[in-house]
Amino acid sequence: MLVLVVDSSTPAVTAALVEVSADGVTARAQRCTVDARAHGELLAPQVEAVLADADARPADLAAIVAGLGPGPFTGLRVGLVTAATMGQVLGIPTYGVCSLDGIGHPVAAGEPVLAASDARRREVYWAVYDGAGQRIAGPNVDAPAVAGERARDLAVTVAVGDGAHRYAEILGLPLRTEPRYPDAMALAGLAAERVRAGAPGERLTPLYLRRPDAVAASGHKPVLP
């Protein structure tokens, strides 16, 4: 089954095409561009490009997997709206995966791992994974010092992700170089069982974790004395 994977929860705008079979998940094509200000401009062309790279059409897709975040409001919604719209138009199921799972799960190899992405405002989105890659804490958004303390309480010995690199000195944990951003193959792998089973499509609910910066005014100030 041909599956499209999209993620826009971080500065890395990712689209990938994978083949999900009974034997596993195989990469067919992938595009990833790191640009925190161009999610809307980049994602649709990258989806078109990976389809062309694999000589496939949208009608060939069996499902869509999307990273749910956490991530900044504007960037994250680009990927989720794209996935939801394509799923509805094509009549195929959509499945969501926590984007931090695509960072922490591939690194887990017998020891607890902290996955962290940059949440701006001098904070990180973070989660902790056990040695088998199962999430045991998070996702949360906190100051790096708080995330580091929680991670050490859970016996974490290594950190991964762009947020971990950005705040390495504060976290005080050894770093894994990759993946720096959500890995498309990991996201696909975490949804593969649902894809194979033909599970009903899911509503793609974003993990914002905090309110957007722009909010509607709650009232109007009087202009007359």
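Residues numbered from 1 in each chain as written. Predicted model: local features only at pLDDT ≥ 70, side-chain atom pairs only at ≥ 80, totals over all residues. Heavy atoms only, no water.

### A short note on the packing of aromatic side chains
Thought 1: In total, this model carries one aromatic pair according to the counting rule given.
Thought 2: On the basis of an interplanar angle of 40° and a centroid distance of 4.8 Å, the ring pair of F73 and Y208 is categorised as tilted. One end of the pair, F73, is in helix α2 (residues 73–90); the other, Y208, is in the segment after α7 (184–197), with 135 residues separating them in the sequence.
Thought 3: Of the residues examined, F73 reaches a relative accessible area of 30% and is grouped as partly exposed.
Thought 4: On the basis of relative accessibility, which here comes to 21%, the residue Y208 falls in the partly exposed class. (Phe/Tyr/Trp six-rings, centres within 6.5 Å; stacked < 30°, edge-to-face > 60°. Helix = DSSP H or I, 4+ residues; strand = E, 2+ residues; numbered from the N terminus. Buried < 20%, exposed > 50% of the residue type's maximum accessible area, 1.4 Å probe, protein only.)

### Re the pairing of strand β1 (residues 2–7)
Thought 1: Counted residue by residue, β1 has six buried out of six residues, so it is predominantly covered.
Thought 2: With burial as the criterion, each face of β1 is covered, one bearing L2, L4 and V6 and the other bearing V3, V5 and D7.
Thought 3: The pairing of β1 with strand β2 (residues 12–21) spans six bridges and is classified as antiparallel. Among the inter-strand pairings, V6 is bridged to a residue of β2, identified as A15.
Thought 4: Where β1 folds back on β2, the antiparallel hairpin that results is connected by four residues. (Pairing = 2+ DSSP bridges.)

### Section: helix α1 (residues 39–53)
Thought 1: Its 15 residues give α1 an end-to-end C-alpha distance of 21 Å, which sits within 8% of 21 Å, the value for a rise of 1.5 Å per residue.
Thought 2: Within the span of α1, buried status applies to H39, L43, Q46, V47, A49, V50 and L51.
Thought 3: Structurally, α1 contributes buried residues whose contacts are with β1, β2, β3 (24–34), β4 (61–67) and α2.
Thought 4: Following α1 by one or two positions, D55 adopts a phi angle in the positive range, close to 55°. (Expected span 1.5 Å × (residues − 1). Contact = heavy atoms within 4.5 Å.)

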